[in-house]
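Residue strings, one per chain:
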Amino acid sequence: MNMDLNDNNHFKNRFFFQSVKHALAGIVTVIKAERNMRYHLFISLIVIVLCTFLRISLVEWCIIIGCLSAVLTSEMLNTAIETTVDLATNGQHHILAKRAKDIAAGGVLVTSIGALIIGLIILVPKLLNRLFY
Ligand SMILES: Nc1ncnc2c1ncn2[C@@H]1O[C@H](COP(=O)(O)OP(=O)(O)OP(=O)(O)O)[C@@H](O)[C@H]1O
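Since the model is a prediction, treat every value here as computed from it, not as a measurement.

Quick look at the overall build of the chain
Next, step 1: A tally of regular secondary structure across the chain gives four helices and zero strands.
Next, step 2: For the chain, the proportion of its 133 residues judged to be buried stands at 21%.
Next, step 3: Long-range contacts, defined as pairs at least 24 residues apart, comprise 68% of the intrachain contacts of the chain with a sequence gap of at least 6.
Next, step 4: Total accessible area computed for the chain in this model is approximately 10,100 Å², and 70% of it derives from carbon and sulfur atoms.

Right, here's the structure in full:
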């Protein structure tokens, strides 16, 4: 095949946008398929509304967005691992399948607890200040 430099660049761009398209499809799939993901999104929305109401600082926004992204990402990775395990085991019970799924779910729990603690540290004092002073 005879491709010059421009063809090659064009191909690379197409590949990038195709990657983004597939990544967006993955996000839509996990939202449709996973109830826990919808819970996480709902809680994220409440946190964002609360943060807007409490007028948190720029640095605090960065920390909160980092925490929300970490929780959503861990849920997506958990779903990817569950899907891969289901593909590999084809519905059969296996101790390693259980181990992989339990560890992945544990990862979501660890991230969620960390995010919850950080959220409480940032938001509770501001909330109390707003409510009582
Ligand atoms: N193939 C398997 N072999 C052995 N144990 C399994 C297998 N599949 C699932 N399990 C066990 O059942 C639990 C629930 O599995 P399931 O695939 O329903 O996850 P889930 O309920 O969708 O998880 P999450 O709540 O994180 O979305 C797993 O955490 C694991 O302990």
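We are not done yet, so read on.
A closer look at the confidence of the model for the chain
Next, step 1: Here the chain shows a mean pLDDT of 91. Residues at 70 or above account for 89%.
Next, step 2: Mean pLDDT values over the elements of the chain span from 79, in helix α1 (residues 5-33), up to 98, in helix α3 (residues 58-89).
Next, step 3: Contacts from residues 1-5, a stretch scored under 50 in pLDDT, to residues over four places away or in other chains number three contacts.
Next, step 4: Here the predicted complex carries an ipTM of 0.91, next to a pTM of 0.86.

A look at the UniProt feature "active site" (unreviewed entry) in the chain
Next, step 1: As recorded in UniProt, the sites labelled "active site" (unreviewed entry) are Glu75.
Next, step 2: Along the polypeptide, Glu75 turns up in helix α3.
Next, step 3: For Glu75, a relative accessible area of 2% translates into the label buried.
Next, step 4: Setting aside residues no more than four positions away along its own chain, Glu75 makes contact with Glu34, Asn36, Met37, His40 and Val108.

Section: the side chain of Ser44
Next, step 1: For Ser44, the position within the fold is in helix α2 (residues 35-54).
Next, step 2: With relative accessibility at 8%, the residue Ser44 sits in the buried group.
Next, step 3: Ser44 has contacts with Leu68 and Leu72, leaving out every residue within four places of it along the chain.

Remarks on unusual backbone geometry
Next, step 1: With a phi angle near 50 degrees, Arg55 is a residue other than glycine that sits in the positive phi range.
Next, step 2: Structurally, Arg55 is set in the loop between α2 and α3.
Next, step 3: Judged by relative accessible area, which is 69%, Arg55 ranks as exposed.

Section: the site of the ligand
Next, step 1: Close to the ligand lie Glu34, Asn36, Asn78, Glu82, Thr89, Gln92, His93, His94, Ala97, Lys98, Lys101 and Asp102, which account for all nearby residues.
Next, step 2: Contact between the ligand and Glu34: an oxygen atom at 3.2 Å from a side-chain N or O atom of the residue.
Next, step 3: Contacts to the ligand include Gln92, whose backbone N or O atom sits 3.0 Å from a nitrogen atom.
Next, step 4: Elements with a contribution of two residues or more to the shell around the ligand: α3 and α4 (95-132).
Next, step 5: Among the elements that make up the shell around the ligand, the one with the highest residue count is α4 (four residues).
Next, step 6: Each residue belonging to the shell around the ligand can be placed in one class, and the counts come to one nonpolar, six polar and five charged.

Rules used in this analysis
Residues numbered from 1 in each chain as written. Predicted model: local features only at pLDDT ≥ 70, side-chain atom pairs only at ≥ 80, totals over all residues. Heavy atoms only, no water. Helix = DSSP H or I, 4+ residues; strand = E, 2+ residues; numbered from the N terminus. Buried < 20%, exposed > 50% of the residue type's maximum accessible area, 1.4 Å probe, protein only. Contact = heavy atoms within 4.5 Å. Areas by Shrake-Rupley, 256 points an atom, 1.4 Å probe, with all protein chains shown as cover. pLDDT = per-residue confidence, 0-100. UniProt positions renumbered as here; feature names shortened; annotations may be inferred. Near = heavy atom within 4 Å. Polar contact = N/O pair within 3.5 Å; in protein donor to acceptor, adjacent residues only side chain to side chain. Nonpolar A, V, L, I, M, F, W, Y, C, P; charged D, E, K, R; others polar.

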